[in-house]
Amino acid sequence: SFDECRCPCRGNARALLFPISWPEPFGLVMIEAMACGTPVIGFNHGSVPEVVTDGMSGFVVDTIEQAVAAVARIPEIDRSAVRAAFEERFSVDVMAANYEAAYRAVLGLAGGVKPAPMPVFVEALTHSKSAVASPCLSIRLKSAREPGLI
C-alpha cells in the first residue's frame with residue numbers, strides 16, 4: 001500500500017500537471033500522485049477521464065487555457081478526498097480484486113457459471129509498432145484443443 005508518499009515532491013506539489021496529447025492507456029503517474037493526495041490536472045485524452053474525477057480528484061481539461069484556470073481552482077480540491085478516491089479505486093486490494101473478477105469472468109467462473117471443461121492456457125505475445133516504441137504485452141486465451149498449442 002501507499003502508506004507513505006513514495007515521492008515527496010509529488011506529495012508536496014499543489015497538483016500534478018498531466019498535459020498529454022495521445023491516448024495514454026493508463027497513466028500510472030496520475031495514480032501515484034493521487035496516492036499522495038495530490039490532485040491531477042490532465043488533458044481529456046486516453047485514460048485521464050477514467051482516472052480523474054473532474055472536480056473531485058482533480059480537473060479534466062481540453063485546452064491550455066482551461067489547465068491554467070484549473071491551477072487557480074486547486075484549493076477547491078480536498079486532498080484527503082483525492083487520497084480516498086485512490087483507496088476506493090486503485091489500492092492494491094481493490095486492483096487485485098478487480099483483476100480476479102475479470103479473470104473469473106473470462107474463465108466463466110463469475111455468477112455461479114461453471115468453467116469450461118477443457119483447460120485454458122494464456123499465450124503472451126509482445127508487439128512493437130516501431131523500433132522506438134515500447135513493446136506491449138498482449139494476452140490471448142487459447143483452448144487446449146486449438147491447433148498450434150504445444
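Description of the nonpolar core
Here is step 1 of the chain: Formed by 25 residues in total, the largest nonpolar core has its most connected members in Met-30, Met-34 and Val-40.
Here is step 2 of the chain: For this core, the secondary-structure elements that each account for two or more residues are strand S1 (16-18), helix H2 (28-35), strand S2 (40-43), helix H3 (48-51), strand S3 (58-61), helix H4 (64-73) and helix H5 (79-90).
Here is step 3 of the chain: What Val-40 contacts, discounting residues up to four positions off in sequence, is Leu-16, Phe-18, Met-30, Ala-33, Met-34, Val-52, Ser-57, Gly-58 and Phe-59.

Let's talk about the packing of H5 against helix H6 (residues 92-106)
Here is step 1 of the chain: Where H5 contacts H6, the two axes come as close as 6 Å, and the packing angle between them is 30°. Classified by the interaxial angle, the pair formed by H5 and H6 is roughly parallel. For the pair formed by H5 and H6, the contact residues are Glu-87, Glu-88, Arg-89 and Phe-90 on the first element and Val-92, Val-94 and Met-95 on the second.
Here is step 2 of the chain: The class makeup of the residues in the contact of H5 with H6 is four nonpolar, no polar and three charged.

Quick notes on the sheet that holds S3
Here is step 1 of the chain: Read across the open sheet, the three strands follow the order S1-S2-S3; overall the sheet is parallel. Single-partner strands in this sheet number two, and they are S1 and S3. The average undirected angle you get between the axes of adjacent strands in this sheet is 10°.
Here is step 2 of the chain: Note that S2 and S3 share four bridges and pair parallel. Opposite Ile-41, over in S3, you have Phe-59 as the bridge partner.

Let's talk about the environment of Cys-36
Here is step 1 of the chain: Structurally, the position occupied by Cys-36 is in the loop between H2 and S2.
Here is step 2 of the chain: As for Cys-36 and Arg-83, which are separated by 47 residues in sequence, their C-alpha atoms are 6.4 Å apart.

So, the packing of aromatic side chains
Here is step 1 of the chain: Going through the model one piece at a time under the given rule, you end up with two aromatic pairs.
Here is step 2 of the chain: Summarising the aromatic geometry, the rings of Phe-26 and Phe-90 are spaced 6.2 Å apart at their centres and angled 75° between planes, so their arrangement reads as edge-to-face. Here Phe-90 lies in helix H5 and Phe-26 lies in the loop between S1 and H2, a separation of 64 residues in the sequence.

Details of the pairing of S2
Here is step 1 of the chain: Alternating positions in S2 separate into two faces, Val-40 and Gly-42 on one and Ile-41 and Phe-43 on the other, with burial throughout.
Here is step 2 of the chain: In the sheet, S1 pairs with S2 via three bridges, with the strands oriented parallel. Its bridge partner lying in S2, Phe-18 is registered against Gly-42.
Here is step 3 of the chain: Regarding topology, H2 serves as the crossover connection from S1 to the parallel S2, and that connection is right-handed.

What counts, and where the lines are drawn
Residues numbered from 1 in each chain as written. Predicted model: local features only at pLDDT ≥ 70, side-chain atom pairs only at ≥ 80, totals over all residues. Heavy atoms only, no water. Core = buried A, V, L, I, M, F, W, Y, C linked by side-chain atoms within 4.5 Å. Buried < 20%, exposed > 50% of the residue type's maximum accessible area, 1.4 Å probe, protein only. Helix = DSSP H or I, 4+ residues; strand = E, 2+ residues; numbered from the N terminus. Contact = heavy atoms within 4.5 Å. Axes fitted to C-alpha atoms, helices over the stretch in contact; angles between N-to-C directions. Parallel < 35°, antiparallel > 145°, perpendicular 65-115°, else oblique. Nonpolar A, V, L, I, M, F, W, Y, C, P; charged D, E, K, R; others polar. Pairing = 2+ DSSP bridges. Phe/Tyr/Trp six-rings, centres within 6.5 Å; stacked < 30°, edge-to-face > 60°. Right-handed = clockwise from strand over helix to strand, strands pointing away.

All we've got here are geometric facts, nothing functional implied.
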